[in-house]
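Summary of the model geometry
Read off the chains here:
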Amino acid sequence: MRILIVEDEPKTGDYLCKGLAESGFVADLARTGPDGLNLAVEQDYDLIVLDVMLPKMDGWSILQKLREKKETPVLFLTARDDVADRVKGLELGADDYLVKPFAFAELLARIRTLLRRGPVREAETIHLADLEIDVLKRRVTRDGARLDLTAKEFALLHLLVKRQGEVLSRSLIASQVWDMNFDSDTNVVDVAIRRLRAKVDDPFPNKLVHTVRGMGYLVEERN
Ligand code: CA
């Protein structure tokens, strides 16, 4: 099994390369974005471990260009646990992600899972009643009509619909969509929900976004 590591931080790159070689993989290391993209396109790897923050060409651009040509599974390494980053990576065609810093054992476990699974990705469309979210195209329709959402509204709706049937607290929503901590003013969540409802629910008789008093918000179909 051949693995390409694209990582600019010398210590981390060497460490990953050595660790994977010791675990029985053939591992190549690229230290810049352009080198990584060239190797990924020209060589046949079973998996690519791709750092997001790279000089010259970041991980997102590499992933985007790679996906025009190849379906090699990609596990990306992100510096912060931000839902917007994760969504972006998955939409661009990453197969999994790890937040730095991580334990090598965890990276190894994720790599083995991905290699077993092959290049299967997150569902490209999510449905709830007559609402449809096309995750790759970032397109939302309800009852066949296109809804025009901002990036944050999309991230918010995507989160709620992915976890449909679960009550999500304001602080959880704030941390996942806005990367704000628990002490922040979560009023921003209420305002965003109001705007989202105006587009997603108000024109339709069947409401999907529900307030759970004292707890947060829940998305589900109620008849
Ligand atoms: Ca980096």
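To continue, consider the overall build of the protein. Per the secondary structure count, the protein includes eight helices and 11 strands. Projected onto its principal axes, the C-alpha coordinates of the protein cover approximately 55 × 40 × 30 Å. Across the 223 residues that make up the protein, the buried fraction comes to 48%. Split by element, the accessible area of the protein, about 11400 Å² in all, is 50% carbon and sulfur. Side chains of the protein carry 34 positive and 38 negative charges; the gap between the two charge centres is 1 Å.

Running from amino to carboxyl end, helix 3 (residues 59–67) crosses helix 4 (residues 83–92) at an angle of 20°, the nearest separation of the two axes being 9 Å. Classified by the angle between their axes, helix 3 and helix 4 sit roughly parallel to one another. Classified by chirality, the crossing of helix 4 by helix 3 is left-handed. Of the residues in helix 4, those in contact with Trp60, Leu63, Gln64 and Arg67 of helix 3 are Asp85, Lys88, Gly89 and Leu92. Among the residues making up the contact of helix 3 with helix 4, the classes are represented as three nonpolar, two polar and three charged.

The subject of this paragraph is the coordination of the calcium ion. Taken together, the protein ligands of the calcium ion are Asp8 (OD), Asp51 (OD) and Met53 (O), with distances of 2.1 to 2.3 Å. Positions of the donor residues of the calcium ion along the chain correspond to the pattern D-x42-D-x1-M. In this pair, aspartate 8 is assigned in the loop between strand 1 (2–6) and helix 1 (10–22) and aspartate 51 in strand 3 (residues 47–51), connecting sequence segments 43 residues apart. Assessed through its relative accessible area of 29%, aspartate 8 is described here as partly exposed. Overall, the relative accessible area of 4% leaves aspartate 51 in the buried class.

A separate point is the sheet that holds strand 5 (residues 96–99). Sheets are built from strands that pair by backbone hydrogen bonding, the pairs being arranged parallel or antiparallel. Within the open sheet, the five strands sit side by side as 2-1-3-4-5. Their pairing is parallel. Looking at which strands have only one partner, the edges of the open sheet turn out to be strand 2 (26–30) and strand 5. Strand-to-strand twist of the sheet, defined as the mean angle between neighbouring strand axes without regard to direction, takes the value 20°. Relative to strand 2, strand 1 is paired through five bridges, and the arrangement is parallel. By the bridge assignment for strand 2, arginine 2 is matched with valine 26. Each of strand 1, strand 2 and strand 3 is contacted by helix 2 (residues 33–42), which is oriented at about 160° to strand 1, the strand it contacts most. Of the strands in this sheet, strand 1, strand 3, strand 4 (74–78) and strand 5 are in contact with helix 5 (residues 104–117), which crosses strand 5 at around 180°.

Take the domain arrangement of the protein next. Considered domain by domain, the protein is made up of domain 1 (2–116) and domain 2 (125–219). Put simply, the middle of domain 1 and the middle of domain 2, counted by C-alpha atoms, are 30 Å apart. Taken together, the contacts link nine residues of domain 1 with eight residues of domain 2. The contact between domain 1 and domain 2 buries some 710 Å² in all, and 47% of this surface belongs to carbon and sulfur atoms. When the area that domain 1 buries against domain 2 is broken down by residue, the three leading residues are Val83, Val87 and Glu91, summing to 66%. Along the contact surface separating domain 1 from domain 2 lie zero salt bridges.

Residue placement: methionine 215 occurs in the loop between strand 10 (209–212) and strand 11 (216–219). When the C-alpha positions of methionine 215 and leucine 168 are compared, they lie 7.5 Å apart, and in sequence the two are 47 residues distant. Non-local contacts of methionine 215, meaning those with residues more than four positions away in its chain, are made with Val167, Leu168, Ser169 and Arg170.

For the rest of this paragraph, the subject is the pairing of strand 10. Bridge analysis of strand 10 against strand 11 gives four bridges, and the strand direction is antiparallel. Looking at strand 11, one finds that valine 212 is bridged to glycine 216. As consecutive antiparallel partners, strand 10 and strand 11 are separated by three residues, and within that stretch glycine 214 has a phi angle of approximately 75°, a positive value.

Attention shifts here to the pattern of salt bridges. Summed over all chains, the structure comprises 15 salt bridges. Several salt bridges share partner residues, and in doing so they unite Glu7, Asp51 and Lys100 into one network.

Cut-off values and rules
- Residues numbered from 1 in each chain as written.
- Predicted model: local features only at pLDDT ≥ 70, side-chain atom pairs only at ≥ 80, totals over all residues.
- Heavy atoms only, no water.
- Helix = DSSP H or I, 4+ residues; strand = E, 2+ residues; numbered from the N terminus.
- Buried < 20%, exposed > 50% of the residue type's maximum accessible area, 1.4 Å probe, protein only.
- Areas by Shrake-Rupley, 256 points an atom, 1.4 Å probe, with all protein chains shown as cover.
- Lys, Arg positive; Asp, Glu negative; His and termini not counted.
- Charge placed at Lys NZ, Arg CZ, Asp CG, Glu CD.
- Axes fitted to C-alpha atoms, helices over the stretch in contact; angles between N-to-C directions.
- Parallel < 35°, antiparallel > 145°, perpendicular 65-115°, else oblique.
- Left-handed = near helix turned anticlockwise from the far one by under 90°.
- Contact = heavy atoms within 4.5 Å.
- Nonpolar A, V, L, I, M, F, W, Y, C, P; charged D, E, K, R; others polar.
- Donors = N, O, S within 2.8 Å, 3.2 Å for Na, K, Ca; no water.
- Pairing = 2+ DSSP bridges.
- Domains from an automatic or database assignment.
- Buried area = accessible area lost by both parts, 1.4 Å probe.
- Salt bridge = Lys/Arg side-chain N within 4 Å of Asp/Glu carboxyl O.

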